[in-house]
Amino acid sequence: VASGGAERLRAAGIEVVVGVRGEEAQAQNKIFFQNLRNPARPFIGLKLATTLDARIADQAGRSRWISGDAARDYVHWLRAGFDAIAVGAHTATVDDASLTVRGDLVPRRPPVRVVFSRQGDISSSLSLVKSAKEIPTILVTESHRPTSRLAQLEESGVEVLWVTSLPEGLMLLRQRGIGSLLVEGGGRLAGALLKEGLVDRYYWIQSPVWLGDEGIPAVQGFPGTSLVEADRWQVVERRALGQDTLLVVDREPCLPES
């Protein structure tokens, strides 16, 4: 259909039908359409695995494992479709996650790892830092004060981006060729992105367990609103992942440019 293709096919006597299952196609190609509409920043997918009461960890910060095997397999499949995977500094430190794609699916290009830390306070002993020379790893920080720790990170192969705000950090990531970013926590980073209206799609994995008031909330720092003013997101998918449940919602419909 693009660039007059439909007209050329019709001129050749071929019947052309457009718009078939259009909404499903738009949802499936959300990243592509979002990049067309807003090329200044990456498409942002937020993925959180929570309890029934929306907790991402217990009072001691333990989050392994809230979700089951089927959900974790799904997350590796999901990661493979993004240019980069991101976490906040606290999540990177507590989980010491490698943020790689594992399993049978091998991505064409391993996703870049991104850590957001206002103070730049991540340890050189983390797995993602130790492997930074093999897998591109970026630290986005608002700390403009040179420190020996930041120097150690750069020596380990971590690219440090000094920014003044979260939106500026996303803009710089886009300039480095990152068109899609999967954010996997923690609660403060999720809240900051939601507060700025920067989340395009939310992947919610809900597990049948309760942690109570002392558990760590899935989202922090996201100011409340009235029910009348609250955004109502668009449901894209619902399905079971073993004993867990997946809900995928979009902040707004993403229609192709006319």
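The coordinates are above.
What you are looking at is a predicted structure, and each value in this text was computed from that prediction instead of being measured.

Procedures and definitions
- Residues numbered from 1 in each chain as written.
- Predicted model: local features only at pLDDT ≥ 70, side-chain atom pairs only at ≥ 80, totals over all residues.
- Heavy atoms only, no water.
- Helix = DSSP H or I, 4+ residues; strand = E, 2+ residues; numbered from the N terminus.
- Rg over C-alpha atoms; globule rule 2.2 N^0.38 Å.
- Buried < 20%, exposed > 50% of the residue type's maximum accessible area, 1.4 Å probe, protein only.
- Contact = heavy atoms within 4.5 Å.
- Areas by Shrake-Rupley, 256 points an atom, 1.4 Å probe, with all protein chains shown as cover.
- Lys, Arg positive; Asp, Glu negative; His and termini not counted.
- Charge placed at Lys NZ, Arg CZ, Asp CG, Glu CD.
- Core = buried A, V, L, I, M, F, W, Y, C linked by side-chain atoms within 4.5 Å.
- Phe/Tyr/Trp six-rings, centres within 6.5 Å; stacked < 30°, edge-to-face > 60°.
- Lys NZ or Arg CZ within 6 Å of the ring centre and 35° of its normal.
- Pairing = 2+ DSSP bridges.
- Axes fitted to C-alpha atoms, helices over the stretch in contact; angles between N-to-C directions.

What follows concerns the overall build of the protein chain. When its secondary structure is counted, the protein chain shows nine helices and eleven strands. Rg of the C-alpha trace for the protein chain: 20 Å, near the compact-globule value of 18 Å for 258 residues, within the 12% margin. With respect to the principal axes defined by its C-alpha atoms, the protein chain has extents near 70 × 40 × 40 Å. Going through the 258 residues of the protein chain one by one, you find that 44% of them count as buried. Put simply, 72% of the contacts in the protein chain that link residues at least 6 apart link residues at least 24 apart. About 14,400 Å² of surface is accessible on the protein chain, with carbon and sulfur atoms providing 51% of the total. Side chains of the protein chain carry 30 positive and 31 negative charges; the gap between the two charge centres is 2 Å.

Judged by nonpolar contacts, the single largest core of 29 residues is most densely connected at Val114, Phe116, Leu173, Leu181 and Leu193. Contributions of two or more residues to this core are made by strand S1 (43-50), strand S3 (84-88), strand S4 (112-116), strand S5 (137-141), helix H8 (166-175), strand S7 (180-183) and helix H9 (187-195). Apart from residues no more than four positions distant in its own chain, Leu193 is found in contact with Ile44, Leu166, Leu170, Val183, Leu198 and Val199. Judged by nonpolar contacts, the second largest core, of 17 residues, contains Ile85, Ile122, Leu139 and Leu150.

What follows concerns the environment of Glu214. With respect to the helices and strands, Glu214 occurs in the loop between strand S8 (201-206) and strand S9 (216-217). Expressed as a C-alpha distance, the spacing of Glu214 and Thr225, which sit eleven residues apart in the sequence, is 24 Å. In contact with Glu214, other than residues within four places in its own chain, are Asp58 and Gln59.

Our focus in this paragraph is the packing of aromatic side chains. Taken as a whole and assessed by the stated rule, the structure comprises four aromatic pairs. Judged by centre distance (6.4 Å) and plane angle (10°), the rings of Tyr202 and Trp204 are stacked. Among the residues examined, Trp204 registers a relative accessible area of 24% and is labelled partly exposed. What links up through ring pairs into an aromatic cluster is the set Phe43, Phe82 and Tyr203. A cation over an aromatic ring shows up here: Arg72 above the ring of Trp65, its NZ or CZ 4.5 Å from the ring centre.

Before going further, it helps to spend a moment on the pairing of strand S10 (residues 234-241). Sheet topology note: the S10/strand S11 (residues 244-250) ladder contains seven bridges and is antiparallel. Along S11, the bridge assignment pairs Leu241 with Asp244. The turn linking S10 back onto S11 is made up of two residues, and Gly242 within it adopts a positive phi angle of 65°.

A word on the sheet that holds S5. With respect to topology, nine strands assemble into an open sheet ordered S6-S5-S4-S3-S7-S1-S8-S11-S10, the strand pairing being mixed. A single partner strand is all that each edge strand has here, and the edge strands are strand S6 (159-162) and S10. Recorded for the sheet is a direction-independent mean angle of 20° between the axes of neighbouring strands. With six bridges joining them, S8 and S11 adopt antiparallel strand pairing. Opposite Gln206, over in S11, you have Thr245 as the bridge partner.

Moving on to helix H4 (residues 69-79). Among the residues of H4, Ala71, Tyr74, Val75, His76, Leu78 and Arg79 are the ones counted as buried. In the core, the buried residues of H4 are packed alongside S1, S3, S7, S8, S10 and S11.

Attention now goes to unusual backbone geometry. Here the residue pair Gly185 and Gly186 is connected by a cis peptide bond, since its omega of 5° sits within 30 degrees of zero. Counting through the fold element by element, Gly186 comes out in the loop between S7 and H9. Within the chain, Ala54 stands out as a residue other than glycine whose phi angle is a positive 60°. Here Ala54 lies in the loop between S1 and strand S2 (55-57). Residue Ala54 is classed as partly exposed on the basis of its relative accessible area, which comes to 33%. Despite not being glycine, Leu99 shows a phi value in the positive range, around 55°. Mapped onto the elements, Leu99 comes out in the loop between helix H5 (89-95) and S4. Residue Leu99 is classed as buried on the basis of its relative accessible area of 3%.

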